[in-house]
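Listed here are the chains, written in short residue letters.
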Amino acid sequence: MPTLASKAKHRNDGDIIDADRAPPNSRDHERAVLGAIVLDPAVASGPQLAALSAADFYDPVFGGLFQLLTRMHGDGVPIDTTTLIDHAERYRLHDGRQLIESLGGVTGVLDLFQYSPIADHAEWYARQVKAASRLRQLIEVHSTALRAARDPNADADILLAKVLGDLELVRPVAEAATRFPLLTCGQIDDAHFDLAYLVAGLLVAGQPCVFAGGKKCMKTTLLLSLALSLATGRSFLDRFEVYAPVSVLMMTAESGLAT
């Protein structure tokens with residue numbers, strides 16, 4: 001029966017590397033994301049692109065350029081050949097290299113304007129970049145856990161908790177990006193938002209609510225009253241109308257296991 005050792009190459013640090021394949025990456029889609037921003041800088045405000053960071057790019061030069069482009073867009077700097085060349089000459093990557101040199105000089109920058117992805121597909125390109133990035137993160141979590149587990153003095157419970165925490169950092173990013181899209185001031189000003197109130201003037205359906213106050217000012221008691229009003233459809237504090245009863249789940253742990 002083949003073993004891991006027969007299928008993989010071992011490094012001295014105990015990591016396992018697939019000798020026949022590079023880490024998951026999508027350089028074509030990375031380049032397409034950059035080209036789409038050059039064609040239409042407004043796409044940088046889309047939820048999928050907003051969820052990307054330079055670290056999500058397999059090619060660090062592409063990652064640096066993405067960071068520069070989004071920074072220019074955020075600062076209101078128009079993106080054209082002149083402005084991009086000027087900023088790329090002054091931008092340095094983490095290793096100290098000049099970005100424009102890493103791109104192949106002025107010719108490399110001009111090539112971006114010759115590359116013609118479809119700007120409307122930028123969100124799809126960004127999803128592919130993020131997907132490859134998350135796979136690389138999973139490999140890193142596995143690799144780190146594998147090295148730690150080989151330590152005979154490792155605590156299994158502590159290691160498991162760390163692995164689960166690291167995995168949690170990988171999972172929610174894309175979900176959060178699609179759940180909370182970024183809007184420009186112009187989009188907010190032009191849009192019409194319909195609000196459905198659960199409690200008249202106080203609580204809106206489907207939106208977060210912060211219930212805050214000083215110490216011992218009956219926050220928990222008021223929340224319990226609110227939960228009962230929502231569940232029964234009765235007015236809250238005999239003053240604020242509850243339009244219809246809804247399902248309610250209230251969880252409190254302020255007094256530990258006793259509650």
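Residues numbered from 1 in each chain as written. Predicted model: local features only at pLDDT ≥ 70, side-chain atom pairs only at ≥ 80, totals over all residues. Heavy atoms only, no water.

Can you help me understand the side chain of K130 in this one?
Mapped onto the elements of the fold, K130 is located in helix α8 (residues 122–149). Under the relative-accessibility criterion, K130 is labelled buried at 8%. In this structure the side chain of K130 is engaged in a polar contact, spanning 2.8 Å, whose partner is the side chain of D56. (Helix = DSSP H or I, 4+ residues; strand = E, 2+ residues; numbered from the N terminus. Buried < 20%, exposed > 50% of the residue type's maximum accessible area, 1.4 Å probe, protein only. Polar contact = N/O pair within 3.5 Å; in protein donor to acceptor, adjacent residues only side chain to side chain.)

Before we go on, may I ask you to explain the environment of R97 in this structure?
If you trace the backbone, R97 turns up in the loop between α5 (81–90) and α6 (99–102). Put simply, R97 and V61 are 36 residues apart on the chain and 9.5 Å apart in space, counted from C-alpha to C-alpha. The residues contacting R97, other than those within four sequence positions of it, are V61, Y91, R92 and S102. Within the local environment of R97, its side chain forms a polar contact with the side chain of D95, the two groups lying 2.7 Å apart. (Contact = heavy atoms within 4.5 Å.)

Is there a simple way to explain the pattern of salt bridges in this structure?
Pairing is possible between side chains of opposite charge, provided their charged atoms come close. A full pass over the atoms with the stated rule returns five salt bridges. The salt bridge involving R27 is made with D59; its shortest N-O contact spans 2.6 Å. Note that R27 is positioned in helix α2 (residues 27–39) and D59 in the loop between α3 (47–50) and α4 (60–74), a separation of 32 residues in sequence. You can call R27 partly exposed: its relative accessible area is 38%. When its relative accessible area of 13% is taken as the criterion, D59 is described as buried. (Salt bridge = Lys/Arg side-chain N within 4 Å of Asp/Glu carboxyl O.)

Hey, could you run me through the packing of α8 against helix α9 (residues 156–170) in this one?
The relative placement of two packed helices comes down to the angle between their axes together with the axis-to-axis distance. For the pair α8 and α9, interaxial distance at closest approach is 10 Å and the crossing angle is 170 degrees. Compared by their axis directions, α8 and α9 come out roughly antiparallel. The segment α8 lies against α9, with R134, Q137, L138, V141, T144, A145, A148 and A149 engaging L159, K162, V163, D166, L167 and V170. Grouping the constituent residues of the contact of α8 with α9 by class yields nine nonpolar, two polar and three charged. (Axes fitted to C-alpha atoms, helices over the stretch in contact; angles between N-to-C directions. Parallel < 35°, antiparallel > 145°, perpendicular 65-115°, else oblique. Nonpolar A, V, L, I, M, F, W, Y, C, P; charged D, E, K, R; others polar.)

When you look at unusual backbone geometry in this model, what are you seeing that I'm missing?
Even without being glycine, K216 reaches a positive phi, approximately 55 degrees. Position of K216 relative to the elements: it lies in the loop between β4 (203–204) and α12 (219–232). Among the residues examined, K216 registers a relative accessible area of 77% and is labelled exposed. The phi dihedral of M218 is positive, around 75 degrees, even though this residue is not glycine.

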